[in-house]
Amino acid sequence: MQKKITFNTLLFLGIFTELLIFLFSYLYKENFGDVFRYSARYSGRLSLIIYLYCFYVFYISLIRNKNFNKLKEIVLIFGILHVIHFGYLAMSVYLNELPIIPVKITGGAIAYMMIIIYPFIINKINRINYHLVYFYYVGIVFLVTYLARIRGDFEGADQEKFHVIAFIILIIVFLKFGFDFFKNRNKFNSL
């Protein structure tokens, strides 16, 4: 008999991983600005993995039974961990005196608000289109972030193969789920 992992266990593991990211950054970087820069970088990668898992759980929940209870827990964990990521990011911007350009951060700010609000309203959303707006908008913000890194437009972040791989994975996920949603759109109209 296989035991289910509880919400509290997953949340603990997520927060513990965020703390490990900070600890390793602290141990391996001399400058406090770099500690937060690398904490934000690797915390963002953790967030990407959790986002992809959330999107997958949404897709499976929709296909199988339209029960979003598990999804609600996972997106809540994603939200909490992404707030931690935001803390690392804000400290990195502050300590490294990076310029804040309002036009460039507006899309990300909207995504952060959506990430925080969505877990609390998920059961009140009656149309699949609104769920899709959440998942695709947040994903597009990830995508644009990685594109900026690939192009070298992101101050303080070198190009890495990870950025290209993450970009390609996001495109594949968007296309795969998008195609399946479109193909089954009549089935989902009742939501």
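For the structure, check the block above.
Structural notes, computed from the coordinates. (Residues numbered from 1 in each chain as written. Predicted model: local features only at pLDDT ≥ 70, side-chain atom pairs only at ≥ 80, totals over all residues. Heavy atoms only, no water.)

**A few points about the overall build of the protein**
Where we set the bar: Here a helix means four or more residues in a row that DSSP labels H or I, a strand means two or more in a row labelled E, and each is numbered from the N terminus. Whether two residues touch is decided by their heavy atoms; if any such pair falls within 4.5 Å, the residues are in contact. Here the open area of atoms and residues is found with the Shrake-Rupley method and a 1.4 Å probe, where only the protein chains shown may cover a residue.
Of regular secondary structure, the protein possesses 7 helices and 0 strands. Tracing the protein from N to C terminus, the helices and strands come up as α-α-α-α-α-α-α. For the protein, restricting intrachain contacts to residue pairs at least 6 apart in sequence, the fraction spanning at least 24 positions comes to 73%. When the accessible surface of the protein is totalled, it reaches about 11800 Å², and 67% of it is carbon and sulfur.

**Looking at the pattern of salt bridges**
Rules: The term salt bridge refers to a side-chain nitrogen of Lys or Arg lying within 4 Å of a carboxyl oxygen of Asp or Glu. Only protein chains enter the area calculation, which uses a 1.4 Å probe; residues under 20% of their type maximum are buried, those over 50% are exposed, and those in between are partly exposed.
If you walk through the whole model with that rule in mind, you get 4 salt bridges. Glu160 is the partner of Arg41 in a salt bridge, and the nearest nitrogen-oxygen pair spans 3.2 Å. In this pair, Arg41 is assigned in helix H2 (residues 32-64) and Glu160 in the loop between helix H5 (128-151) and helix H6 (161-183), connecting sequence segments 119 residues apart. Judged by relative accessible area, Glu160 falls into the partly exposed class, the value being 25%.

**Considering the nonpolar core**
Put simply, the rule is: Take the buried residues of types Ala, Val, Leu, Ile, Met, Phe, Trp, Tyr and Cys, join any two whose side-chain atoms come within 4.5 Å, and each joined set is a nonpolar core.
Judged by nonpolar contacts, the single largest core of 40 residues is most densely connected at Tyr51, Phe55, Phe58, Phe135 and Phe181. Counting only elements with at least two residues in this core, the list comes to helix H1 (7-28), H2, helix H3 (69-95), helix H4 (102-121), H5 and H6. With 11 residues, H2 is the largest single contributor of residues to this core. If we ignore the near neighbours within four places in the chain, the residues touching Phe135 are Tyr51, Cys54, Phe55, Phe58, Leu71, Val75 and Tyr118.

**Structural notes on the packing of H5 against H6**
What counts, and what does not: Whenever a helix is involved, its axis is fitted only over the stretch in contact; in every case the axis is a line through C-alpha atoms, and angles between N-to-C directions fall within 0 to 180 degrees. With respect to orientation, any angle under 35 degrees is reported as roughly parallel, any angle over 145 as roughly antiparallel, any angle of 65 to 115 as roughly perpendicular, and every other angle as oblique. Here a crossing is taken to be left-handed if its near helix is turned anticlockwise relative to the far helix by less than a right angle, and right-handed if that turn runs clockwise. Note that Gly is not counted as nonpolar here; it falls among the polar residues with everything else outside the nonpolar set of Ala, Val, Leu, Ile, Met, Phe, Trp, Tyr, Cys and Pro and the charged set of Asp, Glu, Lys and Arg.
Running from amino to carboxyl end, H5 crosses H6 at an angle of 155°, the nearest separation of the two axes being 9 Å. Considering their axes alone, H5 and H6 lie roughly antiparallel with respect to each other. Considering how the two elements wind past one another, H5 and H6 form a crossing that is left-handed. Contacts from Ile128, Leu132, Tyr136, Gly139, Ile140, Phe142, Leu143, Tyr146, Leu147, Arg149 and Ile150 in H5 reach Phe162, His163, Val164, Ala166, Phe167, Leu170, Ile171, Phe174, Phe177, Gly178 and Phe181 in H6. Along the lines of polarity and charge, the residues of the contact of H5 with H6 split into 18 nonpolar, 3 polar and 1 charged.

**Quick look at H2**
To be explicit about the condition: A helix's residues, less one, multiplied by 1.5 Å, set its expected span. We define a polar contact as two N or O atoms separated by no more than 3.5 Å, with the added condition that, inside protein, one atom must be a possible hydrogen donor and the other a possible acceptor, whereas residues neighbouring each other in sequence contribute only through side-chain atom pairs.
Helix length check: H2, at 33 residues, gives a terminal C-alpha distance of 47 Å against a target of 48 Å (1.5 Å per residue), a fit within 8%. In this structure Asn31 caps H2, since a side-chain oxygen of it lies 2.5 Å from the backbone nitrogen of Gly33. Taken from the residues just after H2, Lys66 is the one with a positive phi, measuring 55°.

**A look at the packing of aromatic side chains**
Note the following rule: In summary, the pairing rule links any two rings of Phe, Tyr or Trp, Trp by its six-membered ring, whose centres are within 6.5 Å, and it sorts them by plane angle into stacked for under 30 degrees, edge-to-face for over 60 and tilted for everything else. Charge over a ring is defined by NZ of Lys or CZ of Arg lying within 6 Å of the ring centre and within 35 degrees of the ring normal.
All chains considered together, the criterion is met by 30 aromatic pairs. Between Phe55 and Phe181 the ring centres are 6.4 Å apart and the planes differ by 15°, which places this aromatic pair in the stacked class. You can see Phe55 sitting in helix H2 and its partner Phe181 sitting in helix H6, a full 126 residues away along the chain. Judged by relative accessible area, which is 5%, Phe181 ranks as buried. Pairing Tyr118 with Phe135 gives two aromatic rings, centres 5.8 Å apart and planes at 80°, and the pair type is edge-to-face. Of this pair, Tyr118 sits in helix H4 while Phe135 sits in helix H5, and the two are 17 residues apart along the sequence. Both residues of the pair, Tyr118 and Phe135, belong to the buried class. Above the ring of Tyr38, the side-chain terminus of Lys29 is found at 4.2 Å from the ring centroid. The ring of Tyr38 carries Arg41 above its face, with NZ or CZ at 4.7 Å from the centroid.

**Overview of unusual backbone geometry**
One non-glycine residue, Glu97, adopts positive backbone phi at about 50°. Structurally, the position occupied by Glu97 is in the loop between H3 and H4.

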